[in-house]
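Close look at the chain arrangement
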Amino acid sequence: MIVADQKPIEEILQMLEPYRRVLFLGCQSCVAVCMAGGEKEVGLLAAAVRLARKQQGRPIEITEGAVKRQCDDEFNEPWREIIEQQEAVLSLACGVGVNKLSERFDLPILPALNTKFFGEVERQGVWVEVCAGCGNCILHLTGGICPIARCAKNLLNGPCGGVRADGTCEVSPPRPCAWVMIYERLGRLNQRKSLENIFAAKDWSSDRHGGPRRRIREDMVLET
Amino acid sequence: MTDGEPKIVAFCCHYCAFAAADLAGVLRLKYPPNVYIIRLPCTGKLDALYLLKAFEAGADGVMVAGCLEGSCHFISGNLRAKKRVAAVKDLLAKLGIEPERLEFFHLSSAQGDRFAQIAREMTERIRNLSPSPSPQEGEAGVRSVEKEQL
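All values derive from a computational prediction rather than experimental measurement.

Definitions and limits used
- Residues numbered from 1 in each chain as written.
- Chains lettered and ligands numbered in written order.
- Predicted model: local features only at pLDDT ≥ 70, side-chain atom pairs only at ≥ 80, totals over all residues.
- Helix = DSSP H or I, 4+ residues; strand = E, 2+ residues; numbered from the N terminus.
- Buried ≥ 20, exposed ≤ 12 C-beta atoms within 10 Å, placed from the backbone.
- Contact = placed C-beta atoms within 7 Å.
- Rg over C-alpha atoms; globule rule 2.2 N^0.38 Å.
- Axes fitted to C-alpha atoms, helices over the stretch in contact; angles between N-to-C directions.
- Parallel < 35°, antiparallel > 145°, perpendicular 65-115°, else oblique.
- Left-handed = near helix turned anticlockwise from the far one by under 90°.
- Nonpolar A, V, L, I, M, F, W, Y, C, P; charged D, E, K, R; others polar.
- Pairing = 2+ DSSP bridges.
- Core = buried A, V, L, I, M, F, W, Y, C linked by C-beta atoms within 7 Å.
- pLDDT = per-residue confidence, 0-100.

Attention shifts here to the overall build of chain B. If you tally the helices and strands in chain B, you get five helices and four strands. Taken from the N to the C terminus, the helices and strands of chain B come in the order β-α-β-α-β-α-β-α-α. Taking all 150 residues of chain B together, the buried fraction comes to 49%. In chain B, once contacts between residues fewer than 6 apart in sequence are set aside, the share between residues at least 24 apart is 82%.

If you want it as structure tokens, here you go:
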């Protein structure tokens, strides 16, 4: 899922400063699961902002809501009338949702979250990055553990000299070294021989380094 | 704040604080009548939203009362609630509201006198602060939150 974090409340209050009628629109997908921008977080943030603005003597009228997936026009469309009555929308979706609403509606769409990474739930309240979305997956060769996302240095051919004796990473010590994890995992799978393959220098053009990415599936594109 | 008396909303655990409040009544102990008790099955049920809504509805102070450490009926509900209360206290400070308006207390069902003491302490503490961060007309605000929870 896409993992995001709520911006500091001070920053949100500053963004909302010029507005008196705002829709707080959450997203019930990834950001709801990572407890950053679902229906519940919309309620909490709206209550906090109302309290702060009342304290400042500048009350704000907040409409609260959450859509199934803010990155799809179909789910945002039922909110059109309400959105058009606002001075601004505070989006509690990831950056994709903010972009999507901005493309569709001619009013300020403000981001309430900082979008962080593609991650998994380690335990309740803890999320970790496990995929970098680099566009060229090699997980079948590394035991399903991604060295691009989970090695701080994106190394492709084994650990760096900084791996600690206990198998943790020198850059983020509580985290295990990705290559130690890969080595152990391949051992359990009886696939350690695959470590003899040397990866060539990675072609990063499929990552962000090749510019904004786009995917087109011709057989699914409808004629206009 | 009506007639100078602060409104306090008390979220009480069914197994300790609520029973302690009951005991305080049975023992005919005096404590301020402006403490509105909302019973929770365990303080682990407490959500940060309840606390903010209470302030929004016009509460001058909010107290959460859960079991003594190690005595939670559901093992760790009181400790979880304590963490949530700490997080909301931090948030209140950032919103420009005195964090002292919110407090977590531990007590057992046998401590009727302690409940009355906490209610008096909390009332006194809030009385020394400025009025409600979110004043409401009459008492409707606090009552509606109470109704919502029940």
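More follows now that the structure is in view.
Moving on, we come to the overall build of chain A. Within chain A, the regular secondary structure consists of eight helices and seven strands. For chain A, whose C-alpha radius of gyration is 22 Å, the value lies well above the compact-globule estimate of 17 Å for 224 residues. Dimensions of chain A, computed from C-alpha atoms along their principal axes, come out at roughly 65 × 50 × 25 Å. Across the 224 residues of chain A, 31% fall into the buried class. Restricting to contacts in chain A with at least 6 residues of sequence separation, those with at least 24 account for 55%.

All names here are of chain B. Buried residues of helix 1 (residues 17-26): Ala17, Phe18, Ala19, Ala20, Ala21 and Ala24, and no others. Here the buried face of helix 1 lies against strand 1 (8-13), strand 2 (35-40), strand 3 (61-66) and helix 4 (112-127). In the segment just after helix 1, Arg28 is the residue with positive phi, at about 60°.

Residues and elements named next belong to chain B. Put simply, helix 2 (residues 48-56) and helix 3 (residues 77-95) touch, their axes get as near as 9 Å, and they point 45° apart. With respect to each other, helix 2 and helix 3 are oriented oblique. Taken as a pair, helix 2 and helix 3 cross one another with a handedness that is right-handed. Along the contact surface, helix 2 presents Ala48, Leu51 and Leu52, while helix 3 presents Arg84, Ala87 and Val88. Here the contact of helix 2 with helix 3 is composed, by residue class, of five nonpolar, no polar and one charged.

Further remarks concern the sheet that holds strand 4 (residues 88-91) of chain A. Backbone hydrogen bonds hold the strands of a sheet together, and the pairing may be parallel or antiparallel. All names here are of chain A. Reading across from one edge, 3-2-4-5 is the order of the four strands in this open sheet, with parallel pairing throughout. Two strands close off the open sheet at either side, each with one partner strand: strand 3 (61-67) and strand 5 (109-111). Sheet twist, expressed as the average angle between the axes of neighbouring strands with direction ignored, equals 25°. Sheet analysis places strand 4 next to strand 5, joined by three bridges and oriented parallel. Residue pairing across strands places Ser91 opposite Pro111, the latter belonging to strand 5. In the packing of helix 3 (residues 39-55) onto the sheet, contacts are made with strand 2 (21-27) and strand 3, and the angle to strand 3 comes to roughly 170°.

Next up on the list: the sheet that holds strand 4 (residues 102-106) of chain B. Residues and elements named next belong to chain B. Taken together, four strands build an open sheet; the order of strands is 2-1-3-4 and the sheet is parallel. Looking at the sheet topology across the chains shown, the edges are occupied by strand 2 and strand 4. Direction aside, the axes of adjacent strands within the sheet are offset by 20° on average. As judged from the five bridges shared by strand 3 and strand 4, these two strands associate in the parallel manner. Its bridge partner lying in strand 4, Gly66 is registered against His106. Those strands touched by helix 1 are strand 1, strand 2 and strand 3, and its axis lies near 115° from that of strand 1. Across the sheet, helix 2 lies against strand 1, strand 3 and strand 4, angled at about 150° from strand 3, the strand it touches most.

Turning our eyes to something else, we now look at the nonpolar core. Phe24, Val31 and Leu92 of chain A together with Cys12, Cys13, Ala17 and Ala65 of chain B are the most contacted members of the largest nonpolar core, which has 89 residues in total. In contact with Val31 of chain A, not counting residues within four places along its chain, are Ile2, Ala4, Ala36, Gly37, Gly38, Leu92, Ala93, Cys94 and Leu113 of chain A. By size, the runner-up hydrophobic cluster in this structure holds ten residues, among which are Cys177, Ala178, Trp179 and Ile182 of chain A.

All right, on to the interface of chain B and chain A then. Contacts between chain B and chain A engage 13 residues on the former and twelve residues on the latter. In terms of residue count, the dominant contributor to the side of chain B that touches chain A is helix 2 of chain B (six residues). Residue composition of the side of chain B that touches chain A, by class: eight nonpolar, two polar and three charged.

This part covers the packing of helix 1 (residues 9-16) of chain A against helix 3 of chain A. Residue and element names in this part refer to chain A. In contact at an axis separation of 11 Å, helix 1 and helix 3 are set at 65° when each is read in the N-to-C sense. Considering the angle they form, helix 1 stands roughly perpendicular to helix 3. In this structure, helix 1 meets helix 3 at a crossing whose hand is right-handed. Residues Ile9, Ile12, Leu13 and Leu16 of helix 1 form the contact with helix 3, whose own contacting residues are Ala48, Val49 and Ala52. Residue classes in the contact of helix 1 with helix 3 are distributed as seven nonpolar, no polar and no charged.

Time to look at the confidence of the model for chain B. Residue and element names in this part refer to chain B. Within chain B, residue pLDDT values average 89, and 87% of them lie at 70 or more. Below pLDDT 50 for its whole length, residues 137-141 participates in four contacts with residues either more than four positions away or in separate chains. Below pLDDT 50 for its whole length, residues 143-147 participates in seven contacts with residues either more than four positions away or in separate chains. Scoring of the predicted complex yields 0.90 for pTM and 0.85 for ipTM.

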